[in-house]
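Here is how the chains run, residue by residue.
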Amino acid sequence: MKKYTWIIVGILSTLIGLYPIKYLIVHTKFGLFTGKSAELLSNTTWNVIFYTHIFIAGIALLIGWLQFSQRLRKQNIKLHRIIGKIYVITSLLSGVCGLYLAFFATGGIISTLGFASLAVIWLYTTYFAYTTIKKGKVKLHENLMIYSYAACFAAVTLRLWLPVLTQLIDEFIIAYRIVSWLAWVPNIIVAYFIVKNKEESVTL
């Protein structure tokens, strides 16, 4: 990852990683609460899973981008491994919560399928990134982590796309249905080309 791209990703990840704090300060309907029924918002199970999801995902987002620093890996591999373990734990936990929350997504089945697919991809890539490094498959681990963080970074792209789509379409529900896919599909495509270019540069 080029240095300027890494810096931009880091800034965006930090800003959105801290975004869940707003839910503790603002006690009115906003953001992801828009369109939720009073019954759902008063449901204890949903609330516990929702807050677990956004705060744990925030941690994964805050620390995950650091793992792509070659300097960190070379100078402090122990710290790299500690951050990696925290990222895996938070990603898996948040992914499971996200899968549950997808079934209550605003916008119905289209949004549910979009966010459920994202959760499955995040869980799959993160889990196998962990198992492959345990087997010493470093390159495969690196590639899977690129895909994993691309899925995690959907938290950023969702918040970039949603206000734009809402403004253009002037209908939140339709915009949210679109963003349930747009938040992560392009990320995975970008991850594919990053991995492909990385592998091609090794063979040259």
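Residues numbered from 1 in each chain as written. Predicted model: local features only at pLDDT ≥ 70, side-chain atom pairs only at ≥ 80, totals over all residues. Heavy atoms only, no water.

With that settled, the discussion passes to the nonpolar core. Judged by nonpolar contacts, the single largest core of 40 residues is most densely connected at L61, Y87, F115, W122, Y149, C152 and V179. For this core, the secondary-structure elements that each account for two or more residues are α1 (3–17), α4 (44–64), α6 (77–102), α7 (109–134), α8 (138–152), α9 (154–169), α10 (172–182) and α11 (185–203). Setting aside residues no more than four positions away along its own chain, Y149 makes contact with V9, S13, A60, L61, G64, W65, F68 and Y87. Core analysis: the second largest hydrophobic core is formed by eight residues, Y23, W46, I49 and C97 among them. (Core = buried A, V, L, I, M, F, W, Y, C linked by side-chain atoms within 4.5 Å. Buried < 20%, exposed > 50% of the residue type's maximum accessible area, 1.4 Å probe, protein only. Helix = DSSP H or I, 4+ residues; strand = E, 2+ residues; numbered from the N terminus. Contact = heavy atoms within 4.5 Å.)

Before going further, it helps to spend a moment on the environment of H141. If you trace the backbone, H141 turns up in helix α8. Judged by relative accessible area, which is 16%, H141 ranks as buried. Remark: the alpha-carbon pair of H141 and E171, spanning 30 residues in sequence, is separated by 41 Å. Among residues more than four places away in sequence, those in contact with H141 are A129, Y130, T132 and I133.

Along α10, the positions that sit buried rather than exposed are A175, Y176, V179 and S180. Along the long axis of α10, the arc covered by the buried residues comes to 145°, so they all point the same way. Buried residues belonging to α10 abut α7 and α9. (Arc of directions from axis to C-beta.)

Another point: the confidence of the model for the protein chain. Per-residue confidence for the protein chain averages 89 on the pLDDT scale, and 92% of its residues sit at or above 70. Considering each helix and strand of the protein chain separately, the mean pLDDT is smallest for helix α2 (residues 22–25), with a value of 71, and largest for α7, with 97. (pLDDT = per-residue confidence, 0-100.)

Bringing a nonpolar patch on the surface into the picture now. A contiguous nonpolar patch, built from W161, V164, L168, I169, I174 and I178 and spanning about 520 Å² of accessible area, is present on the exposed surface. Broken down by secondary-structure element, the contributors of at least two residues to the nonpolar patch are α9 and α10. Here the nonpolar patch gets four residues from one element, more than from any other, and that element is α9. By the element assignment, V164 lies in helix α9. Judged by relative accessible area, V164 falls into the partly exposed class, the value being 38%. (Patch = residues over 30% accessible without salt bridge, like charges linked within 9 Å, V, L, I, M, F, W, Y side chains within 5 Å. Areas by Shrake-Rupley, 256 points an atom, 1.4 Å probe, with all protein chains shown as cover. Salt bridge = Lys/Arg side-chain N within 4 Å of Asp/Glu carboxyl O.)

Here the focus is α7. Over its 26 residues, α7 runs 37 Å from end to end, which matches the ideal 38 Å to within 8%, given 1.5 Å per residue. Taken from the residues just after α7, G136 is the one with a positive phi, measuring 85°. (Expected span 1.5 Å × (residues − 1).)

In the structure shown here, the tally under the stated rule is one salt bridge. As a salt-bridge pair, E142 and K198 come within 3.7 Å of each other at their nearest N and O atoms. Of the two residues, E142 is situated in helix α8 and K198 in helix α11; the sequence distance between them amounts to 56 residues.

Another aspect to go through is the packing of α4 against α6. Across the interface, α4 lies against α6 with an axial gap of 8 Å and an inter-helix angle of 145°. Handedness of the α4/α6 crossing: left-handed. Packed against α4, whose contacting residues are T45, W46, I49, F50, T52, H53, I56, A57, I59, A60, I63 and G64, the element α6 presents I83, I86, Y87, T90, S91, L93, S94, C97, G98, Y100 and L101 at the interface. Taken together, the residues that form the contact of α4 with α6 break down as 15 nonpolar, eight polar and no charged. (Axes fitted to C-alpha atoms, helices over the stretch in contact; angles between N-to-C directions. Left-handed = near helix turned anticlockwise from the far one by under 90°. Nonpolar A, V, L, I, M, F, W, Y, C, P; charged D, E, K, R; others polar.)

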